Amino acid sequence: MIKAVRGTRDLLGAELSYKRWIERTAERVLEAAGAREIETPILEEAPVFEKGVGPTSDVVQKEMYALTDKGGRRLVLRPEGTAGVMRAFLEHGMKVRPMPVKLYYRGPMFRAERPQKGRYRQFYQVGYEAVGLAEPAIDAEAIALLLDLLEALGLRRHRLKVGTVGDPEDRRRYNAYLKEALAPYREALSEDSRARLERNPLRILDSKDPRDQAVLEEARIRPLLAFLSPEARDHYRAVIATLRALGVEFEEDARLVRGLDYYVRTAFEVHHPDLGAQAALGGGGRYDGLTALLGGPSLPGVGWAVGTDRVILALKAEGLPAPAEPAPALYLVPLDPPAVAEALALAEALRPRHRVELAYQPRRPGKGIREAERRGARFVGFLGEGERSRGTISVKDLASGEQKELPRAKLGSWLEAL
RNA sequence: GUGAGCGUAGCUCAGGUGGUUAGAGCACCGGUCUGUGGAACCGGGGGUCAUGGGUUCAAGUCCCAUCGCUCACCCCA
């Protein structure tokens, strides 16, 4: 039997109800803040991510689904949302709009990783971007909106971490420092971190390997904060102060590292304790200059993405149920053969204002009631010889057992009056 | 990409040391029940036992490989 490809899955039932609920909530929360939805293609030219996300990032180096089309173009299934949104921003000249331009998106992303809990090869994100202003208040607002979304869904146990990754020059200085400071401990580091020492020493900071953490302790590694330019430090302090003023609960994390190269200054992540190893519900940061990497003018921006699949795991872990599955208001039961077409005609007349389902063959009343119950219907309507001669329908309330006969023409308005 | 555990019906699972025609519960369909309730009882449909190869008189069961799932590493949403 043919099955869904590895790391992808069919969404249906409660799973899809959760996803729709999350997306509808995001729509409400983000539009209230002035964001408009944008939908960009799943397929992008490879350079969008190579230039935007960064050629040395793991996402680009190891995790992109790439293909060459018949015209020889190198295309990829997008591994994240921001680079594509910024490509569209430039392409449509959105820089002439009043700043900041706030956009949100939802949709599937693709990364070729080994699947595990909370990690799929096709996964879903909801993301938010605010482009055009470098003010710390925009960063704080973005972070607050991310929490607004999670809280509107009823989540309580998530934790926000805020930090800074500095400007590119700050990071260069800090990487040079790390390389030098950790060189004497090279042999004590994990194999992975020895490789990182060459390529991206910053990554050693958030290694889970106890050997690495011990080395960081022993080498008395200074935080990135100490290497920030005065401007970057001021920006960070202003973001922190604004968050405090907003009453946002968070924890400062001096070692927060993000995997996408375009991030500068503000960085943040939201974690949830019940997600297993993939604990990040969402994350983001500032990405000033991403537009320049993509070949446009340099513009500031800040944004985030949440993993819809992980939010679903968190909602389940906190015992928050998915919205109820849709159930018919009325289930029509024909009691004899001529009533079948009448039941269908009646259903069609009531739709789409009312959710109406029916049996397609004559049923005995008891069976019709069982069928209606099985579908979660509120009312069952019987159509038989008696009702036909009188032009009526017998409607029974399944909860109370109460039954009444009413003219068919009045059924619609009767349902509406409930 | 690395490691460990696991693959039997739509779902949850039985099937000691190999031995007739592979089972149960739930779910689904029908009947008992031709104008009124969720029960009960009876019956029915449904399986390449993940796939391929091997050992054997005989494989769901033992061996190998592959694929998939799960969890972790890594990475990140």
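Residues numbered from 1 in each chain as written. Chains lettered and ligands numbered in written order. Predicted model: local features only at pLDDT ≥ 70, side-chain atom pairs only at ≥ 80, totals over all residues. Heavy atoms only, no water.

To continue, consider the nonpolar core. By size, the foremost hydrophobic cluster in this structure holds 45 residues, and its most contacted members are L30, L160, V162, W304, V311 and L315. Of all the secondary-structure elements, those providing two or more residues to this core are α1 (13-31), β6 (122-131), α5 (136-152), β7 (159-164), α9 (230-246), β9 (264-271), β11 (301-307) and α11 (308-317). No other element matches α5, which puts 10 residues into this core. Setting aside residues no more than four positions away along its own chain, V162 makes contact with I143, Y236, I240, L243, F250, E251, E252, D253, L256, A267 and F268. In this structure, A46, V85, Y105 and L299 belong to the second largest nonpolar core, which totals 32 residues. (Core = buried A, V, L, I, M, F, W, Y, C linked by side-chain atoms within 4.5 Å. Buried < 20%, exposed > 50% of the residue type's maximum accessible area, 1.4 Å probe, protein only. Helix = DSSP H or I, 4+ residues; strand = E, 2+ residues; numbered from the N terminus. Contact = heavy atoms within 4.5 Å.)

Let's shift gears to the protein's contact with RNA strand B. Taken together, 53 residues sit near RNA strand B, with R196, G259, R364, E373 and R374 positioned nearest. When atoms of RNA strand B within 4 Å of the protein are split into backbone and base, the sugar-phosphate part holds 53%. Here a base oxygen of RNA strand B and a side-chain polar atom of R114 are 2.6 Å apart. Taken together, the elements giving at least two residues each to the surface near RNA strand B come down to β6, α7 (191-199), β10 (280-286), β11, α13 (365-374), α14 (385-390) and β15 (392-397). Among the elements that make up the surface near RNA strand B, the one with the highest residue count is α13 (7 residues). Taken together, the residues of the surface near RNA strand B sort by class into 12 nonpolar, 16 polar and 25 charged. (Near = heavy atom within 4 Å. Polar contact = N/O pair within 3.5 Å; in protein donor to acceptor, adjacent residues only side chain to side chain. Nonpolar A, V, L, I, M, F, W, Y, C, P; charged D, E, K, R; others polar.)

Looking now at the packing of aromatic side chains. Under the defined criterion, the tally for this structure stands at 8 aromatic pairs. Seen in terms of ring centroids, Y174 and Y177 are 5.8 Å apart; in terms of plane orientation they differ by 25 degrees. Their pairing is stacked. With Y174 and Y177 both in helix α6 (residues 168-182), this residue pair falls 3 residues apart, about one helical turn. Considered together, Y174 and Y177 belong to a single accessibility category, that of buried residues. Each member of the aromatic cluster is reached from another via a ring pair, and the members are Y174, Y177 and F227. Sitting over the ring of Y177, R222 keeps its end group 5.9 Å from the ring centre. (Phe/Tyr/Trp six-rings, centres within 6.5 Å; stacked < 30°, edge-to-face > 60°. Lys NZ or Arg CZ within 6 Å of the ring centre and 35° of its normal.)

With mixed pairing, 5 strands are arranged side by side in an open sheet as β13-β12-β14-β15-β16. Each edge of the open sheet carries a strand with a single partner, namely β13 (356-358) and β16 (403-407). Shown here is a sheet whose adjacent strand axes are inclined to one another by a mean of 30 degrees, direction ignored. Bridge count for strand β14 (residues 379-383) against β15 is 4 bridges, and the pairing is antiparallel. Considered in β15, the bridge of V380 is made with K396. The strands touched by helix α12 (residues 337-350) within the sheet are β12 (330-334), β13, β14 and β15, with β12 carrying the most contacts at an inclination of about 160 degrees. Taken strand by strand, α13 contacts β12, β14 and β15, and its axis lies near 150 degrees from that of β14. (Pairing = 2+ DSSP bridges. Axes fitted to C-alpha atoms, helices over the stretch in contact; angles between N-to-C directions.)

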